[in-house]
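Analysis of the macromolecular model
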Amino acid sequence: MPHPLTPRKAYCRQYSVDAPPSPCRSLNRTECPVKVAVVGAGAIGAYVGAALHRAGAEVHLIARGPHLAAMRRDGVRVLSPRGDFTARPAATDDPSSVGPVDYVFLGLKANSYAASAPLVHPLLHGSTAVIAAQNGIPWWYFHGLPGPYTGRRIESVDPGGAVSATLPPERAIGCVVYAATELEAPGVVRHLEGTRFSIGEPDLTVSRRCLDFSEAMVAGGLKCPVEPDLRNDIWIKLLGNISFNPISALSRATMAQICRHRDTKSLVETMMRETLDVAAAVGCHPKISVERRIAGAERVGDHKTSTLQDLEKGKPLELDVLLAAVVELAALTRTPVPKLCAVHALADLLATTSSTGSAA
């Protein structure tokens, strides 16, 4: 059960992120290390799994194909400006062989959650927590949140309740990822920048399960603050995703190109301001400057957003949680968002036509 603590700051054990990982005894769990299954152990999932494993956690990576074969054979090789390392956690394509775990870390795209029951359910026991490392508005957004929308389901991200049926909101721990990684080759993760994985309970408490997972992550050399209200982080990161991701897919432009073009930069600014209006309408007021957010995106340089990369690879576009959900929340709260609606219409058509084309 969640154990409420003072909800005024982020809680995180203090370890130097440049120091080698602490031994498992730092977790006071030598006899019973935390057990974690990473479902969808791609670039982010394998990176997290490798970090947890080298700190003494019992880690099981759930993957498939050449990536799984490489991890089974050679372990996970992490190439990082903070120092390369190799970890050899267990890896399988059969979650039933793992059995119940303390935490399921979801590295899947959000549009795969509803169909993830065969991968997730064999890993659950009565108190297993599901840590969803996703962009955008999560399916649990109104779970445990005081106010007029308590318990309301967001159709765009939880159509017909399919995600909640597979991943009950009471199991959910939110996670906002600030690390950038890519799968350079099967079994090889290139860590580009960032080590922060902010986590938090939907009901605004600071729970024992969050603190335990945070401690395991920090022992592995990562930052993992426990935020009393993770929704602030969700909206701050969403400002970039909701604007740059669909515009990049529609224009085939990088983030820097979007910022250097006067009219698209202006469009980004308007979309961000409309998004902040929606956040305020549902009771969240993140302290962020739109100008600073855009400047930070421009500094990233000629980087292709994940949506543009998915488009080029013929993969489904993860736009429901990034854009459609905010448009739905705008309608719910009667917040005018004309630019978001226009870009959503275009991006939705692109997603439809691109999926039709890839299917053909």
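For the structure, check the block above.
So, a few notes on the structure that sits alongside this text.

Basis of the calculations
Residues numbered from 1 in each chain as written. Predicted model: local features only at pLDDT ≥ 70, side-chain atom pairs only at ≥ 80, totals over all residues. Heavy atoms only, no water. Buried < 20%, exposed > 50% of the residue type's maximum accessible area, 1.4 Å probe, protein only. Helix = DSSP H or I, 4+ residues; strand = E, 2+ residues; numbered from the N terminus. Pairing = 2+ DSSP bridges. Core = buried A, V, L, I, M, F, W, Y, C linked by side-chain atoms within 4.5 Å. Contact = heavy atoms within 4.5 Å. Lys, Arg positive; Asp, Glu negative; His and termini not counted. Salt bridge = Lys/Arg side-chain N within 4 Å of Asp/Glu carboxyl O. Axes fitted to C-alpha atoms, helices over the stretch in contact; angles between N-to-C directions. Expected span 1.5 Å × (residues − 1). Parallel < 35°, antiparallel > 145°, perpendicular 65-115°, else oblique. Left-handed = near helix turned anticlockwise from the far one by under 90°. Nonpolar A, V, L, I, M, F, W, Y, C, P; charged D, E, K, R; others polar. Phe/Tyr/Trp six-rings, centres within 6.5 Å; stacked < 30°, edge-to-face > 60°. Polar contact = N/O pair within 3.5 Å; in protein donor to acceptor, adjacent residues only side chain to side chain.

**Regarding the pairing of strand β11 (residues 197-200)**
Here is the key point about a regular strand: its side chains alternate between the two faces of the sheet. The alternating pattern of β11 places Phe197 and Ile199 and Ser198 and Gly200 on opposite faces, both of which are buried. Bridge analysis of strand β8 (residues 172-177) against β11 gives 4 bridges, and the strand direction is antiparallel. Residue pairing for β11: Val176 is matched across the bridge by Ser198.

**Structural notes on the nonpolar core**
In this structure, Leu106, Tyr113, Ile137, Trp139, Tyr141 and Trp235 are the most contacted members of the largest nonpolar core, which totals 69 residues. If we ignore the near neighbours within four places in the chain, the residues touching Trp235 are Ile137, Tyr141, Thr275, Val278, Ala279, Val282, Cys284, Pro286, Val326 and Leu329. In this structure, Tyr47, Val59, Leu68 and Met71 belong to the second largest nonpolar core, which totals 43 residues.

**Details of the side chain of Arg293**
For Arg293, the position within the fold is in helix α9 (residues 290-300). In this structure, Arg293 is buried with no salt-bridge partner, the nearest side chain bearing the opposite charge being Glu193 at 9.9 Å. When near neighbours in sequence (up to four residues on either side) are disregarded, Arg293 contacts Ile236, Lys237, Leu239, Gly240, Met272 and Ile288.

**Remarks on the pattern of salt bridges**
Scanning all chains against the criterion turns up 16 salt bridges. In this structure, Arg196 engages Glu227 in a salt bridge whose closest nitrogen and oxygen atoms are separated by 3.8 Å. With Arg196 in the loop between β10 (188-193) and β11 and Glu227 in the loop between α5 (208-219) and α6 (231-251), the pair connects residues that are 31 residues apart, well separated along the chain. One salt bridge connects Arg260 with Asp302, and the closest N-O pair in it is separated by 3.4 Å. With Arg260 in helix α7 (residues 255-260) and Asp302 in the loop between α9 and α10 (306-312), this pair connects stretches of sequence that are 42 residues apart.

**Thoughts on the sheet that holds strand β4 (residues 85-87)**
In space, the 4 strands of this open sheet follow the order β4-β3-β10-β9, with mixed pairing throughout. Two strands lie at the open edges of the sheet, namely β4 and β9 (180-185), each paired on one side alone. Sheet twist, expressed as the mean angle between neighbouring strand axes with direction ignored, is 25°. With 3 bridges connecting them, strand β3 (residues 76-79) and β10 associate as parallel partners. Looking at β10, one finds that Leu79 is bridged to Arg190.

**Topic: α5**
Helix length check: α5, at 12 residues, gives a terminal C-alpha distance of 16 Å against a target of 16 Å (1.5 Å per residue), a fit within 8%. The element α5 is extensively covered by neighbouring structure, given that 9 of its 12 residues are classed as buried. Inspection of α5 places Cys210, Leu211, Phe213, Ser214, Glu215, Ala216, Met217, Val218 and Ala219 among the buried residues, and these make up the whole buried set. Packed against the buried residues of α5 are β1 (35-39), α1 (43-54), β6 (103-106), β7 (129-133), β8 and β11. Where α5 terminates, the next one or two residues include Gly221, which has phi positive at roughly 95°.

**Describing α1**
A rise of 1.5 Å per residue sets the reference length of α1, with its 12 residues, at 16 Å; its end C-alpha atoms lie 17 Å apart and thus fit the reference within 8%. Within α1, 9 of the 12 residues are buried, which leaves it mostly tucked inside the rest of the structure. Among the residues of α1, Ala43, Gly45, Ala46, Tyr47, Val48, Gly49, Ala50, Ala51 and Leu52 are the ones counted as buried. Note on α1: the residue one or two positions beyond its end, Gly56, has a positive phi of about 110°.

**Topic: the packing of helix α8 (residues 262-281) against α9**
Closest axis-to-axis distance for the α8/α9 pair is 10 Å, and the angle between their directions is 130°. When the axis of α8 is compared with that of α9, the two are oblique. Note that α8 runs across α9; the crossing there is right-handed. Counting all contacts with α8, which are made through Lys265, Val268, Glu269, Met272, Arg273 and Leu276, the residues of α9 involved are Val290, Glu291, Arg293, Ile294 and Glu298. Counted by class, the contact of α8 with α9 contains 5 nonpolar, no polar and 6 charged residues.

**Overview of the packing of aromatic side chains**
Enumeration according to the criterion identifies 5 aromatic pairs in this entry. Taken together, a centroid distance of 5.1 Å and an interplanar angle of 50° make the contact between Tyr103 and Phe213 tilted. Placement of the pair is Tyr103 in strand β6 and Phe213 in helix α5, with a sequence separation of 110 residues. The burial state of Tyr103 is the same as that of Phe213; both residues are buried.

**Observations concerning the pairing of β10**
Where β9 meets β10, 5 bridges bridge the pair, whose relative direction is antiparallel. Residue pairing in the sheet places Thr181 in a bridge with His191 of β10. What sits between the antiparallel neighbours β9 and β10 is a turn of 2 residues, in which Gly187 has the positive phi angle 80°.

**Some thoughts on the environment of Val76**
Relative to the helices and strands, Val76 resides in strand β3. Val76 gets classed as buried once you look at its relative accessible area, which sits at 1%. The spatial distance from the C-alpha of Val76 to the C-alpha of Gly49 is 8.8 Å, given a sequence separation of 27 residues. Residue contacts for Val76: discarding those within four places in its chain leaves Ala46, Ala50, Leu61, Met71, Phe85, Thr86, Ala87, Pro89, Gly187 and Val189.

**Details of the side chain of Thr335**
Relative to the assigned elements, Thr335 resides in the loop between α11 (320-333) and α12 (338-359). Here the side chain of Thr335 touches Thr333 through a polar contact of 2.8 Å, side chain to side chain.

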